[in-house]
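Residues per chain, in single letters:
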Amino acid sequence: MIGSGTLPDTTEQADLREMVREIIERFAPPQRVRELDDANAFDLELYRALGEAGLIGLDAQADGTTGADPRHQIIVLEELAAGPTSMAVCLVVQYMGVGLLTEYGSDQQRSTVLAPLLDGRERVAFALTEPDGGTDVARVMRTRAKQSGDGRWVLNGAKTWISGPQHAKNLIVLARTSAPESSPIDGITMFLVPTDTPGITVRELDTFAIHSLDTCEVTFDNVEVDATAVLGHVDQGFRQVLGTLNGERLNAAAAALGIARGALEAAVDYGRQRQVFGRPVGSFQAGQHRLVDGAIAIESARALMLQAAEATATGKRADILSAMAKVAASDAAVAVTDAGMRLMGGSGFSKEYPMERLFRDARLYTFAPLTNEMLRNHIGEKYLGLPRSF
C-alpha cells in the first residue's frame, strides 16, 4: 500500500488512519465492495462499525459544545474513498449534518437527531439542489414553506440529486420562506424534517457511479412540520449553509484524494505484476510517467488539503485553500483513474479489478459539491483579484 503521503501524520493522526484501515479491512474487503456496488446496496454493517468506533462523531459532542476536527475528518474520508468510496460520499453528507446540527440545532434537535447521528445509529440527508437549480439554486428555488396561523410550516416543492434519503431518518431541507431582499440567498430557511412525514415521496435515480449510496429525487406535497423543525434562524438558512461550504469542499477534496490514491495503488500493483514482452508493464516509460505525474498531483493536492484543514481548525480563512484543494484533488482523481485504465487495458475494463469503479466514482467530484469551473471562478475573483466572471 502506498503510504499516506510525503507529509507525515502526527501520532494521533497515524493511529486514527490505522483504525480506519483496520475497520475497512475487516468489514469492507474489495470483494464485498464490488458485490455491494453491483447490487446498488448500502453497507450498513460498515456504517455501524464506523459509528461504534466514533468515526462519525469524531470530536463532536451531542450538546453542541464541541465540533468535529476537520483534520480528523479528512483522514477518515481519504481512507474510505480509497476503498469503499460510496461510504466516503455518505460521510461527507453526515459530517455536514453534524456541523449544521452542532452549530444551529436546538437542544431538542441535538438530543433527538444529533446524538444518534454521532454514534452511527441514524443518518441524515441534505436536500438543497432542485430540478431547475444547482449552483444557482438560491435564485431559482421553487420549494416553498409557508407558516400557518398555528405556527406550523407547510412545505411544497422538489429536490433532486439528494444523497442517501431512502434510509436516512431525517432530511435537512432548504426552502424559501420569504421573498429575497438584497440578495437571492436571503429568505431561505433550513428545516429538519423526518423522512416518514406524510407528503414526502422519495424516488431513486439510476446513476453512473457511487452505486452503494442512493441518489434520489425528493418531493414535498403539503408536508406539515412543527415550528420546532426550523434549524437555526428563519430566512437565514442559506447563509447558515454557506458557513459550512468550506468544510464540505475540504471533505470533498479528501474523498477525491482517496479515490486518486486508491487508483494509484491499484495501477502500481498491477504494473509490478503484469508481464508484457517479458517484463513488468509498469517498467514501460510512457505508462510509468503517467503514474508518476499522478503521484505528483496527489501529493500537491494533499499539501493544499492539509493547509486548508489546519486553517479551518485554527479559525483562519480557508475558503480559497479548500477550493484549491478540491479542484486539485478531483483533477488528480480523474487523471490517475484515466492513467490506471490505460495502463491496465482490458483488465481495467473488467469488474474483477477496482479501477473501473474508481474511474466512475472519481467523476462525481468534478461537479460536486460545486463544479470545478465555479470554484475556478471563485479563485480567480477572490485570490487573483480578477473581475467576476459570472
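Look up a bit, the structure's there.
Residues numbered from 1 in each chain as written. Predicted model: local features only at pLDDT ≥ 70, side-chain atom pairs only at ≥ 80, totals over all residues. Heavy atoms only, no water.

Engineer: Tell me about the packing of aromatic side chains, and name the residues and values.
Structural biologist: Across all of its chains, the model carries 3 aromatic pairs by this definition. The interplanar angle of 55° and the centroid separation of 5.9 Å between the aromatic rings of phenylalanine 42 and tyrosine 47 together place this pair among those described as tilted. Each of the two residues, phenylalanine 42 as well as tyrosine 47, counts as buried. The residue whose ring lies beneath arginine 123 is tyrosine 47, and the NZ or CZ to ring-centre distance is 5.4 Å. Taking the ring centre of phenylalanine 359 as reference, the NZ or CZ of arginine 363 above it sits at 3.8 Å. (Phe/Tyr/Trp six-rings, centres within 6.5 Å; stacked < 30°, edge-to-face > 60°. Buried < 20%, exposed > 50% of the residue type's maximum accessible area, 1.4 Å probe, protein only. Lys NZ or Arg CZ within 6 Å of the ring centre and 35° of its normal.)

Engineer: How would you explain the packing of helix α8 (residues 237-273) against helix α10 (residues 319-344) if you had to name every residue and give the values?
Structural biologist: Each pair of packed helices can be summarised by the angle the axes make with each other and by the distance between the axes. Orientation of α8 relative to α10, taken along the N-to-C sense of each, is 20°, at an axis distance of 8 Å. Taken together, the axes of α8 and α10 are roughly parallel relative to one another. Every pair of crossing elements has a handedness; the one defined by α8 and α10 is left-handed. By residue class, the composition of the contact of α8 with α10 is 18 nonpolar, 6 polar and 3 charged. (Axes fitted to C-alpha atoms, helices over the stretch in contact; angles between N-to-C directions. Helix = DSSP H or I, 4+ residues; strand = E, 2+ residues; numbered from the N terminus. Parallel < 35°, antiparallel > 145°, perpendicular 65-115°, else oblique. Left-handed = near helix turned anticlockwise from the far one by under 90°. Nonpolar A, V, L, I, M, F, W, Y, C, P; charged D, E, K, R; others polar.)

Engineer: Would you mind going over the side chain of serine 322 in detail, with residue names and values included?
Structural biologist: Turning to its location among the elements, serine 322 is positioned in helix α10. For serine 322, the side chain forms a polar contact with the side chain of asparagine 246, separated by 2.5 Å. There is a polar contact of 3.1 Å between the side chain of serine 322 and the backbone oxygen of aspartate 319. Discounting chain neighbours no more than four positions away, the residues touching serine 322 are Asn246, Arg249, Leu250 and Ala308. (Polar contact = N/O pair within 3.5 Å; in protein donor to acceptor, adjacent residues only side chain to side chain. Contact = heavy atoms within 4.5 Å.)

Engineer: Which residues make up the nonpolar core, and what values do they have?
Structural biologist: The biggest cluster of nonpolar side chains holds 92 residues, and the ones touching the most others in it are Leu50, Leu80, Met87, Leu91, Phe126, Leu174 and Tyr365. The greatest single-element share of this core, amounting to 17 residues, is contributed by α8. Residues Ala127, Trp153, Phe191 and Val193 belong to the second largest nonpolar core, which totals 19 residues. (Core = buried A, V, L, I, M, F, W, Y, C linked by side-chain atoms within 4.5 Å.)

Engineer: Pulling in residues and values, what's your account of the environment of glutamate 52?
Structural biologist: Position of glutamate 52 among the secondary structure elements: in helix α3 (residues 44-52). Residue class for glutamate 52 comes out exposed when judged on its relative accessible area of 70%. For the pair glutamate 52 and leucine 118, spaced 66 residues apart in sequence, the C-alpha separation works out to 9.1 Å.

Engineer: Please provide a residue-by-residue account of the pattern of salt bridges, values included.
Structural biologist: The tally for this structure, following the rule as stated, stands at 32 salt bridges. For glutamate 265, the salt bridge goes to arginine 261, with nearest N and O atoms at 3.0 Å. Separated by 4 residues within a single helix, glutamate 265 and arginine 261 lie in helix α8, roughly one turn from each other. In this structure, glutamate 299 engages arginine 302 in a salt bridge whose closest nitrogen and oxygen atoms are separated by 3.2 Å. One end of the pair is glutamate 299 and the other is arginine 302, both in helix α9 (residues 285-313) and 3 residues apart, which spans about a single turn. Accessibility expressed as a relative area gives 2% for arginine 302, which makes it buried. Here the residues in one salt-bridge network are Asp9, Arg17, Arg21, Glu78, Glu79, Arg261, Glu265, Glu299 and Arg302, joined through shared partners. (Salt bridge = Lys/Arg side-chain N within 4 Å of Asp/Glu carboxyl O.)

Engineer: Could you give an account of unusual backbone geometry, naming the residues involved and the relevant values?
Structural biologist: Negative phi values dominate among residues other than glycine, just as trans dominates among peptide bonds. Residue proline 369 is bonded to the preceding alanine 368 through a cis peptide linkage, with omega at 0°. By secondary structure assignment, the location of proline 369 is in the loop between α12 (355-362) and α13 (372-382). For leucine 58, which is not glycine, the phi dihedral falls at a positive 50°. Along the chain, leucine 58 turns up in the loop between α3 and α4 (70-81). With a phi angle near 55°, phenylalanine 277 is a residue other than glycine that sits in the positive phi range. Relative to the helices and strands, phenylalanine 277 is located in the loop between β8 (275-276) and β9 (279-280).

Engineer: Which residues make up the pairing of strand β1 (residues 124-127), and what are the values?
Structural biologist: Alternating residues of β1 divide into Val124 and Phe126 and Ala125 and Ala127, and every residue in both groups is buried. Sheet topology note: the β1/strand β4 (residues 170-176) ladder contains 4 bridges and is parallel. Across the sheet, alanine 125 pairs through a bridge with leucine 171, a residue of β4. (Pairing = 2+ DSSP bridges.)

Engineer: So, a nonpolar patch on the surface: which residues are in play, and what are the values?
Structural biologist: A surface patch of nonpolar side chains, about 350 Å² in accessible area, is lined by Tyr383, Leu384 and Leu386. On the secondary structure map, leucine 384 appears in the segment after α13. On the basis of relative accessibility, which here comes to 56%, the residue leucine 384 falls in the exposed class. (Patch = residues over 30% accessible without salt bridge, like charges linked within 9 Å, V, L, I, M, F, W, Y side chains within 5 Å. Areas by Shrake-Rupley, 256 points an atom, 1.4 Å probe, with all protein chains shown as cover.)

The values reported here are purely geometric and, on their own, carry no functional implication.
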